[in-house]
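# Reading the structure
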Amino acid sequence: GAGVSQSPRYKVAKRGQDVALRCDPISGHVSLFWYQQALGQGPEFLTYFQNEAQLDKSGLPSDRFFAERPEGSVSTLKIQRTQQEDSAVYLCASSLVRTPSYEQYFGPGTRLTVT
Amino acid sequence: SQQGEEDPQALSIQEGENATMNCSYKTSINNLQWYRQNSGRGLVHLILIRSNEREKHSGRLRVTLDTSKKSSSLLITASRAADTASYFCATDHQGAQKLVFGQGTRLTINP
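Description of the structure in this document. (Residues numbered from 1 in each chain as written. Chains lettered and ligands numbered in written order. Predicted model: local features only at pLDDT ≥ 70, side-chain atom pairs only at ≥ 80, totals over all residues. Heavy atoms only, no water.)

## Considerations on the sheet that holds strand 7 (residues 61–66) of chain B
Residue and element names in this part refer to chain B. Spatial strand order, 1-3-8-7-6: five strands in an open sheet with antiparallel pairing. The outermost strands of the open sheet, each flanked by one partner alone, are strand 1 (5–7) and strand 6 (55–58). For this sheet, the mean angle separating the axes of adjacent strands, direction not counted, is 15°. Across four bridges, strand 6 lies against strand 7 in antiparallel orientation. When the bridges of strand 7 are listed, His57 appears paired with Arg62. (Pairing = 2+ DSSP bridges. Helix = DSSP H or I, 4+ residues; strand = E, 2+ residues; numbered from the N terminus. Axes fitted to C-alpha atoms, helices over the stretch in contact; angles between N-to-C directions.)

Next up, the structure:
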């Protein structure tokens, strides 16, 4: 079946531009996670949704970062006024169950480069 | 900031040899998972071990967990070139709704 998809796969933005990154989770998956992965590092948690409810946004680095999942399926991560330090791969993952204690299925990521 | 620490950061071995990588963490966990990431790709789940388990096997993979030492190890036996990837441990901690990843071990299998 279809896995988690993300679009675009690559995004180049000029500093100060707004960007929107999309995640299509596996159909029926309740939980959705966003991670930021810097080069050579492990993924770092950004935010977590259970259906349409954003239950944890403690990892969002600043108020320029905003995520939504209005109908409990597709999610969008928006970054306003991008800065060079926002350059990273943004990974989305989904899970069938309501806790992180089970396997998460990851998308291929969106590589964001801010110039 | 990341809670898990993995060592070694990089490991290069010959095909057919065994590869062992280690992960340490700081606070009590519910479970620990291992993921693999091929270059430029997303992460793939390998194995999950619960806090009340000490060892788990899946094919050529063997994972151990020592909660008293807050550490885990991943052993890949009879390595293949296709095992070349980065390997990450991830923990979910009591009271938290997220996975915390280590910095990863870059494994290279030389043919």
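## Digging into the state of the cysteines
One covalent bond between the sulfur atoms of two cysteine residues makes up a disulfide. A full pass over the atoms with the stated rule returns two disulfides over all chains. Each sulfur of the disulfide joining Cys23 of chain A and Cys92 of chain A lies 1.8 Å from the other. Here the disulfide of Cys23 of chain A and Cys92 of chain A is left-handed, its torsion about the S-S bond being about -65°. With Cys23 of chain A in strand 3 (residues 19–24) and Cys92 of chain A in strand 9 (residues 88–95), this residue pair connects regions lying 69 residues apart in the sequence. On the basis of relative accessible area, Cys23 of chain A is assigned to the buried category, the value being 0%. A sulfur-sulfur distance of 2.0 Å marks the disulfide that ties Cys23 of chain B to Cys89 of chain B. Residues Cys23 of chain B and Cys89 of chain B share a disulfide whose torsion about the S-S bond is about 70°; that sign makes it right-handed. Within this pair, whereas Cys23 of chain B is found in strand 3 (residues 19–24), its partner Cys89 of chain B is found in strand 9 (residues 85–93), the two being separated by 66 residues in sequence. Summarising the burial analysis for this pair, Cys23 of chain B and Cys89 of chain B share the class buried. (Disulfide = S-S within 2.5 Å. Buried < 20%, exposed > 50% of the residue type's maximum accessible area, 1.4 Å probe, protein only.)

## Structural notes on the side chain of Thr110 of chain A
Residues and elements named next belong to chain A. Counting through the fold element by element, Thr110 comes out in strand 11 (residues 110–114). Accessibility expressed as a relative area gives 0% for Thr110, which makes it buried. Non-local contacts of Thr110, meaning those with residues more than four positions away in its chain, are made with Gln6, Ser7, Pro8, Arg9, Lys11, Leu21, Ala88, Val89 and Tyr90. (Contact = heavy atoms within 4.5 Å.)

## With respect to the pairing of strand 3 of chain A
Residues and elements named next belong to chain A. Side chains Val19, Leu21 and Cys23 project from strand 3 onto a buried face, and the interleaved Ala20, Arg22 and Asp24 project onto a face without burial. Inspection of the sheet shows strand 1 (residues 5–7) paired to strand 3 by three bridges, in the antiparallel sense. By the bridge assignment, Ser7 is partnered in strand 3 with Arg22. Sheet topology places strand 3 next to strand 8 (residues 75–79); five bridges connect them, and they run antiparallel. In the strand pairing of strand 8, Cys23 is matched with Ser75.

## Here's the deal with the environment of Gln94 of chain B
All names here are of chain B. Considering the arrangement of structural elements, one finds Gln94 in the loop between strand 9 and strand 10 (99–101). Here the alpha-carbon distance between Gln94 and Arg41, two residues 53 residues apart in the chain, equals 29 Å. Ignoring any residue separated from it by four or fewer positions in sequence, one finds Gln94 in contact with Ser28, Ile29 and Asn30.

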